Amino acid sequence: MYTFATQSIHLTSVINARELGGYKLPDGRTIRWGCLLRGGSFANLTPEDRAILRDKFHLNTNFDFRTETEVTYAPDRPVQGAKHIWLPTIDPATETLSDQSFPADAYKDLGNYLVEHASEPIAQKLARNLYTDMVMNEYTQLQYAAFMQTIVNSPGGAIYWHCSQGKDRTGLGAAFILCALGADRELILADYRISNEFYKDLLEELYKKVSTQEERDVLLTFIGVNEKYFCNALDLIDRRYGSLEGYLKGPLCMSDEDIQTLRDRYTE
């Protein structure tokens, strides 16, 4: 069983920081340790954690999926020798629509904001549509396509990708990489669920402040991860593109050669 304990990269200043190493693929291959790292932002990165990323993992590239507002408010601290690539995966056009985003100041204290607004239809709609909106948005597809192609063209060394909490935008990135490496849905979901282990204590505290399942779904979606809504997006991809691999080869522009390059580099 994969858990946060088995996958953690042991950074004290980065939330939900872990790796895909050690995952067993359906065909018997294993993902190499220390190469594919995921988590929260480097906004509070300590010198000690910077040294781990530089000296233990030889970090090559740090992909930042956050919005311009998030990056401006809490920029990543650099890691010596690692390239920082900003690839905001949320369409800036949707951020300006009141029915498709929370107000900027909500993120200063997101937990309490969600408790206050979880009963509102707009919050529940945002939760339900979080993943389906992203996977069908052309801007988002192009950003993830750039992410995947940059990894294909990487000269080696570890890569790290993140949003703010290391779970939703980061989780989609992980799903695409895992699919390219040959993972099935069971393994993709196993990796996805680990975020709820990391955020378990906070979620339990917030659940005490709401009363309905709809409200809990909102909290689960924006504080933890909501597998039901994530699977809705995977099902939608299956209907539109035949499979997640079909999505990689369609909107994400990956070739069979690209996929084989990733498998040769990151599995054994």
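In what follows, the accompanying structure is described. (Residues numbered from 1 in each chain as written. Predicted model: local features only at pLDDT ≥ 70, side-chain atom pairs only at ≥ 80, totals over all residues. Heavy atoms only, no water.)

1. Points about the overall build of the chain
Quick reminder of the rule: To qualify as a helix, a DSSP run of H or I must reach at least 4 residues; to qualify as a strand, a run of E must reach at least 2; elements of each kind are numbered from the N terminus. Values of the radius of gyration come from C-alpha atoms, whereas the globule rule sets the reference at 2.2 Å times the count of residues to the power 0.38. Here's how the labels work: a residue is buried when its accessible area is under 20% of the maximum for its type, exposed when over 50%, partly exposed in between, all with a 1.4 Å probe on protein chains only. Throughout, a residue-residue contact means that at least one pair of heavy atoms, one from each residue, lies within 4.5 Å. Residue exposure ignores everything except the shown protein chains as possible cover, and the areas themselves are Shrake-Rupley values with a 1.4 Å probe. By the counting rule applied here, Lys and Arg register as positive and Asp and Glu as negative, while His and the ends of each chain are not counted. Here the site of a charge means atom NZ of a Lys, CZ of an Arg, CG of an Asp or CD of a Glu.
Each helix and strand in the chain was counted, giving 14 helices and five strands. Taken over C-alpha atoms, the radius of gyration comes to 18 Å for the chain, in line with the 18 Å a tight globule of 268 residues would show. Considering the chain as a whole, with its 268 residues, one finds that 54% of them fall into the buried category. For the chain, long-range pairs separated by at least 24 residues make up 71% of all intrachain contacts whose partners lie at least 6 apart in sequence. Accessible area of the chain: about 12,100 Å², with a carbon and sulfur share of 52%. Counting 28 positive and 38 negative side-chain charges, the chain places the centres of these two groups 2 Å from one another.

2. Quick notes on the sheet that holds strand S3 (residues 59-64)
The criterion, for reference: For two strands to be treated as a pair, DSSP must find at least two bridges joining them.
Strand order in the open sheet formed by five strands is S1-S2-S5-S3-S4, and the pairing between neighbours is mixed. Across the chains shown, the open sheet's two edge strands, defined by having one partner strand only, are strand S1 (18-19) and strand S4 (83-86).

3. A few points about the side chain of Arg 169
Within the secondary structure, Arg 169 sits in helix H8 (residues 169-181). Beyond its immediate sequence surroundings of up to four residues, Arg 169 is in contact with Phe 65, Arg 66, Thr 67, Glu 70, Thr 89, Ile 90, Met 134, Tyr 144, Cys 163 and Ser 164.

4. Let's talk about helix H9 (residues 185-198)
Note the following rule: The span you would expect from a helix comes to 1.5 Å times its residue count less one.
With 14 residues, H9 should cover 20 Å at 1.5 Å per step; its first-to-last C-alpha distance of 21 Å lies within 8% of that length. For H9, every residue scored as buried is listed here: Leu 187, Ile 188, Leu 189, Ala 190, Asp 191, Tyr 192, Ile 194 and Ser 195.

5. Overview of the nonpolar core
Note that soluble globular proteins tend to have their nonpolar side chains buried in a common cluster. Spelled out, the test is: Among buried residues, those of type Ala, Val, Leu, Ile, Met, Phe, Trp, Tyr and Cys that are joined through side-chain atoms within 4.5 Å constitute a nonpolar core.
With 71 residues, the main nonpolar core has Leu 36, Tyr 131, Phe 147 and Trp 161 as its most contacted residues. The element contributing the most residues to this core is H8, with nine residues. With residues up to four places along the chain from it excluded, the contact list for Tyr 131 reads Asp 168, Leu 172, Tyr 192, Val 225, Asn 226, Tyr 229, Phe 230 and Ala 233.

6. What about the packing of helix H10 (residues 200-207) against helix H11 (residues 213-223)?
Threshold: Here an angle of 0 to 180 degrees is reported between the N-to-C directions of two axes, which are lines fitted to C-alpha atoms, with helices fitted over the stretch in contact. Any angle that falls under 35 degrees is termed roughly parallel, while one over 145 is termed roughly antiparallel, one within 65 to 115 roughly perpendicular, and all others oblique. Left-handed describes a crossing whose near helix is turned anticlockwise from the far helix through less than a right angle; right-handed describes the clockwise counterpart.
Two elements in contact, H10 and H11, have axes separated by 10 Å at closest approach and are oriented at 155°. Classified by the interaxial angle, the pair formed by H10 and H11 is roughly antiparallel. In the crossing of H10 with H11, the sense of the turn from one axis to the other is right-handed. Only Arg 216, Leu 219, Leu 220 and Ile 223 of H11 make contact with H10, whose side of the interface consists of Leu 202, Leu 203, Leu 206 and Tyr 207.

7. Side note on the packing of helix H6 (residues 121-136) against helix H12 (residues 227-241)
As a reminder of what qualifies: Just so you know the grouping, Ala, Val, Leu, Ile, Met, Phe, Trp, Tyr, Cys and Pro go in nonpolar, Asp, Glu, Lys and Arg go in charged, and all remaining residues, Gly too, go in polar.
The geometry of H6 relative to H12 is characterised by a closest axis approach of 8 Å and an angle of 35° between their N-to-C directions. When the axes of H6 and H12 are compared, the crossing they make is right-handed. The segment H6 lies against H12, with Ala 127, Arg 128, Tyr 131, Thr 132, Val 135 and Met 136 engaging Tyr 229, Phe 230, Asn 232, Ala 233, Leu 236, Ile 237, Arg 240 and Tyr 241. Taken together, the residues of the contact of H6 with H12 break down into ten nonpolar, two polar and two charged.

Just geometry here; none of it tells us what the structure is for.
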